[in-house]
Amino acid sequence: MKKKIINFLRAATPFLITIALWRLSVAFWNPAGILAIIPVFYCSFVRPIPWFVPFAIIICFLIDYRSETLVYWTVLYFIFYAINGFQNFIDLTRMDKNALKIFMIFFCIAIAIQTIADFTVDGMMRATWLFAWTSVLYIPITALIKKVCDDR
């Protein structure tokens, strides 16, 4: 029984971390729950988890809902999902640092598009802060997911 509970918690951890990061939205540290994009990216592309893609689409939609961006993050997720499906020379599952560089490119493009669409100096400073903060938190969040979900 104990082993079944541990296996269930291992399987549920990515989902629970994503929900927690989305729910813990604070204007400066986690606006609209945007930090939930880290496990969405990691568990969809770097370490694919069964049944995570439909959940990731829902979370992207919820981030859009909170940030009032219609379907911005959801469309970006679909675009990256399509690009990842057609690529054949970059294997995200084998990249070092849990594919941090690819995540930074994905997130930088997403934030840059939003900043250019409604350009202000204040918005540019917030986008820079959000990019730096999210990039710094990528490694510990993905390491946590990797450690907990590791089947030893």
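Calculation rules
- Residues numbered from 1 in each chain as written.
- Predicted model: local features only at pLDDT ≥ 70, side-chain atom pairs only at ≥ 80, totals over all residues.
- Heavy atoms only, no water.
- Axes fitted to C-alpha atoms, helices over the stretch in contact; angles between N-to-C directions.
- Helix = DSSP H or I, 4+ residues; strand = E, 2+ residues; numbered from the N terminus.
- Parallel < 35°, antiparallel > 145°, perpendicular 65-115°, else oblique.
- Left-handed = near helix turned anticlockwise from the far one by under 90°.
- Contact = heavy atoms within 4.5 Å.
- Phe/Tyr/Trp six-rings, centres within 6.5 Å; stacked < 30°, edge-to-face > 60°.
- Buried < 20%, exposed > 50% of the residue type's maximum accessible area, 1.4 Å probe, protein only.
- Lys NZ or Arg CZ within 6 Å of the ring centre and 35° of its normal.
- Expected span 1.5 Å × (residues − 1).
- Nonpolar A, V, L, I, M, F, W, Y, C, P; charged D, E, K, R; others polar.
- Core = buried A, V, L, I, M, F, W, Y, C linked by side-chain atoms within 4.5 Å.

A.B. asks: I'm lost on the packing of helix α5 (residues 100–117) against helix α6 (residues 121–149) in this one. Help?
C.D. replies: Two packed helices can be described by the angle between their axes and the distance between those axes. Look at α5 against α6: their axes get within 10 Å of each other, and the N-to-C directions meet at 160°. If you check the angle between α5 and α6, you find them roughly antiparallel. Crossing angle aside, the handedness with which α5 passes α6 is right-handed. Contacts between α5 and α6 involve Leu100, Phe103, Met104, Phe107, Cys108, Ile111 and Thr115 from the first element and Gly123, Met124, Ala127, Leu130, Phe131, Thr134, Ser135, Tyr138 and Ile139 from the second.

A.B. asks: Whenever I open this one, the packing of aromatic side chains confuses me. Can you help?
C.D. replies: Centre distance and the angle of the planes are the two values used to describe a pair of aromatic rings. With the rule as written, the count across this model stands at 23 aromatic pairs. With centroids separated by 5.0 Å and ring planes inclined at 70°, the aromatic side chains of Phe15 and Phe55 adopt a geometry described as edge-to-face. Here Phe15 is found in helix α1 (residues 2–23), whereas its partner Phe55 is found in helix α3 (residues 52–67), with 40 residues between them in sequence. The burial state of Phe15 is the same as that of Phe55; both residues are buried. Members of the aromatic cluster, joined through ring pairs, are Phe41, Phe45, Tyr72, Trp73, Tyr77, Phe78, Phe80, Tyr81, Phe103, Phe106, Phe107 and Tyr138. When the ring centre of Trp22 is taken as reference, the NZ or CZ atom of Arg66 above it lies at 4.0 Å.

A.B. asks: How should I be thinking about α3 in this particular structure?
C.D. replies: Because each turn of an α-helix spans 3.6 residues, side chains separated by three or four positions end up pointing in the same direction. Helix length check: α3 (16 residues) gives 22 Å between terminal C-alpha atoms against 22 Å at 1.5 Å per residue, within 8%. Buried within α3 are the following residues: Phe52, Phe55, Ala56, Ile59, Cys60, Ile63 and Asp64. Where the residues of α3 are buried, they touch α1, α2 (37–46) and α4 (72–86). Glu68 occupies a position one or two residues after α3 and carries a positive phi of about 55°.

A.B. asks: Looking at this structure, I do not really get the environment of Val71. What am I missing?
C.D. replies: Within the fold, Val71 resides in the loop between α3 and α4. Sequence separation between Val71 and Cys60 is 11 residues; the distance between their C-alpha atoms is 8.1 Å.

A.B. asks: Would you mind going over the packing of α2 against α4 with me for this structure?
C.D. replies: Between α2 and α4, the shortest axis-to-axis distance is 12 Å and the interhelical angle comes to 25°. Taken together, α2 and α4 sit at an angle that is classed as roughly parallel. The handedness of the crossing between α2 and α4 is right-handed. Contacts between α2 and α4 involve Ile37, Val40, Phe41, Ser44 and Phe45 on the former and, on the latter, Trp73, Tyr77, Phe80, Tyr81 and Asn84. Classifying every residue of the contact of α2 with α4 by side-chain character gives eight nonpolar, two polar and no charged.

A.B. asks: Mind showing me how you'd approach α4 here?
C.D. replies: Between its first and last C-alpha atoms α4 spans 21 Å; for 15 residues at 1.5 Å apiece the expected length is 21 Å, and the two agree. Within α4, burial applies to Tyr72, Trp73, Thr74, Leu76, Tyr77, Phe80 and Asn84. On its buried face, α4 sits against α2, α3 and α5.

A.B. asks: What is the right way to look at the nonpolar core in this model?
C.D. replies: Nonpolar side chains in soluble globular proteins generally cluster together in the buried interior. Formed by 43 residues in total, the largest nonpolar core has its most connected members in Ile37, Phe41, Ile63, Trp73, Phe103, Phe107 and Tyr138. Breaking this core down by element, the ones donating at least two residues are α1, α2, α3, α4, α5 and α6. In terms of residue count, the dominant contributor to this core is α2 (eight residues). Phe107 has contacts with Ile34, Ile37, Trp73, Leu130, Phe131 and Thr134, leaving out every residue within four places of it along the chain.

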